[in-house]
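Residue-level listing of the chains:
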Amino acid sequence: MRFEWEPTLAGLIMTLTQSLAASDTHSTTDGPLRSKGLTYPFAEAPAAGQLHWVAEDVAWLRLPLPFSLDHINVWILRNETGLVIVDTGLNTGLTRSLWTEVLSEHFAGVAVEGVIATHLHPDHLGLAGWLCESHDCPLWMSRTEYLTARMLLGQTGASVPESHVAFYQAAGWSEAQLSAWRQGYGQFSRGVAPLPDQYCRLQDGQGLTIGQETWTVITGGGHSPEHVCLYRSADGLLIGGDQVLPHISSNVSLWPTEPEADPLGEWLDSLTRLPERVADTALVLPSHGLPYVGLKARSEALIRGHHRRLARIWSAIETPARATDTFEAVFRRAIRDGELSLATGEVLAHLQYLVKQGLALACRDGSGVSWWSRVPGAEFVPPGDLSGPEESRDDPSH
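Keep in mind the model is a prediction, meaning the values are calculated, not measured.

What counts, and where the lines are drawn
Residues numbered from 1 in each chain as written. Predicted model: local features only at pLDDT ≥ 70, side-chain atom pairs only at ≥ 80, totals over all residues. Heavy atoms only, no water. Helix = DSSP H or I, 4+ residues; strand = E, 2+ residues; numbered from the N terminus. Buried < 20%, exposed > 50% of the residue type's maximum accessible area, 1.4 Å probe, protein only. Contact = heavy atoms within 4.5 Å. Areas by Shrake-Rupley, 256 points an atom, 1.4 Å probe, with all protein chains shown as cover. Core = buried A, V, L, I, M, F, W, Y, C linked by side-chain atoms within 4.5 Å. Axes fitted to C-alpha atoms, helices over the stretch in contact; angles between N-to-C directions. Parallel < 35°, antiparallel > 145°, perpendicular 65-115°, else oblique. Left-handed = near helix turned anticlockwise from the far one by under 90°. Pairing = 2+ DSSP bridges.

Undergrad: Before we go on, may I ask you to explain the overall build of the chain in this structure?
TA: A tally of helices and strands in the chain yields eleven helices and 17 strands. Classification of the 398 residues of the chain by burial places 58% in the buried group. Relative to all contacts within the chain whose residues are 6 or more apart in sequence, the contacts with residues 24 or more apart total 70%. Surface accessibility of the chain: about 15,800 Å² in total, with carbon and sulfur atoms responsible for 49%.

Shown next, in the form of structure tokens:
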């Protein structure tokens, strides 16, 4: 099965083209694997549709995705009266069947009391509405994520906004690329079942009581508008969603719905604040890859990776350049057609960050194309040492 997503939503879908196969399963005879400052307590992930209990009341379920990144981790929180599901997988017949089998085989007679979506991307939100309807339970999300998802669902069948066309034209897209993008517009609903008309709001700092345990809501921006992490300090568990993945960095993009936003600034701020609120001994439960310990080291590595990328973009705009002209310098390879929106959004997020820092500017020519350049006399000075291993991606689609 293959989904052709509308390109303006491509950055709202976590990772579509890179596999973690090489780094997702670890084995060691000397205890937990330790790599790049992280410790992995579990040698392997559960097979698709199988459960692994990471705590007495927290089950790990892996669901398949029809992409090169072929899975998502979702979490089932069991309590005295029922269970709460955190993230749902994509809206496909296979995923529905797996949920039906898991709930009937492992939780027969147990009530599903709620569904939590960490954010709006279809691999996380796809079956939230179906599960809520099937089990007559509420959906819990942050407000911005819920309302943005409703907006995107409302684009189904709508005409393409000319302001969005102008956004990609300014980035340097050709007429052929713009035409292909128009044809794929408004397909968010292909991966997301209809949402409930009501939801329960999750807010930063809120204590969410599930059974006898309290989880603290921690929100962050950049990858999505108001992404939710859940932290249980009593035993040091962090359901991290896509905020701090162990092997890859989530896509951070600027999109035409909010062209003056600063998603990279939000992302870097979120990565800085999260380790200040969560113990470094916490077990991070990510949406992709294996659970790990080492939140501070991982957050610092992600920050370094983006500053490396900023440095490459800074070099690329020594003379005026379109956003698309920076692809080779930033990604160090050719960008395929299916990656165009993600690559453009990622580059624009970094260029916009330089603008917000007073280091770059954009001038639009008579044909509607923006040319980016350095502010005269400005100097890009990265914070700290950027040496160390590179991220396992110079790919726009994560």
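Further notes follow.
Undergrad: When you look at the nonpolar core in this model, what are you seeing that I'm missing?
TA: Across soluble globular proteins, you tend to see nonpolar side chains buried next to one another. Counting residues in hydrophobic clusters, the biggest one holds 76 residues, and the most contacted among them are I116, L230 and L354. No other element matches the eight residues that helix α11 (residues 340–356) contributes to this core. Beyond its immediate chain neighbours, meaning those up to four positions away, I116 contacts V84, I85, V86, D87, W140, L202, L208, I210 and L230. Counting residues in each nonpolar core, the second largest holds 38 residues, with F67, L98, V115 and A117 among its members.

Undergrad: Would you mind showing me how to read the packing of helix α8 (residues 263–277) against helix α9 (residues 295–316) here?
TA: Helix-helix packing is described using two parameters, namely the angle between the two axes and the distance between the axes. The N-to-C vectors of α8 and α9 enclose an angle of 155°; their axes lie 8 Å apart at closest approach. With respect to their mutual orientation, α8 and α9 come out roughly antiparallel. The hand of the α8/α9 crossing is left-handed. Contact residues: L264, W267, L268, L271, T272, L274 and P275 in α8; L295, K296, S299, L302, I303, H306, H307 and L310 in α9.

Undergrad: Please explain the pairing of strand β16 (residues 360–364) as it appears in this structure.
TA: Regular strands show a simple pattern: their side chains alternate between the two faces of the sheet. Sheet topology note: the β16/strand β17 (residues 370–374) ladder contains five bridges and is antiparallel. Each bridged residue has a counterpart across the sheet, and for C363 the counterpart in β17 is W371. Joining the antiparallel neighbours β16 and β17 is a turn of five residues, in which G368 adopts a positive phi near 85°.

Undergrad: What exactly am I supposed to notice about the pairing of strand β3 (residues 51–55) here?
TA: When β3 meets strand β4 (residues 58–64), the two strands line up antiparallel, connected through four bridges. For L51, the partnering residue across the bridge sits in β4 and is L61. Connecting β3 to the antiparallel partner β4 that follows it, the hairpin turn spans two residues.

These values are about where atoms sit, not about what they do.
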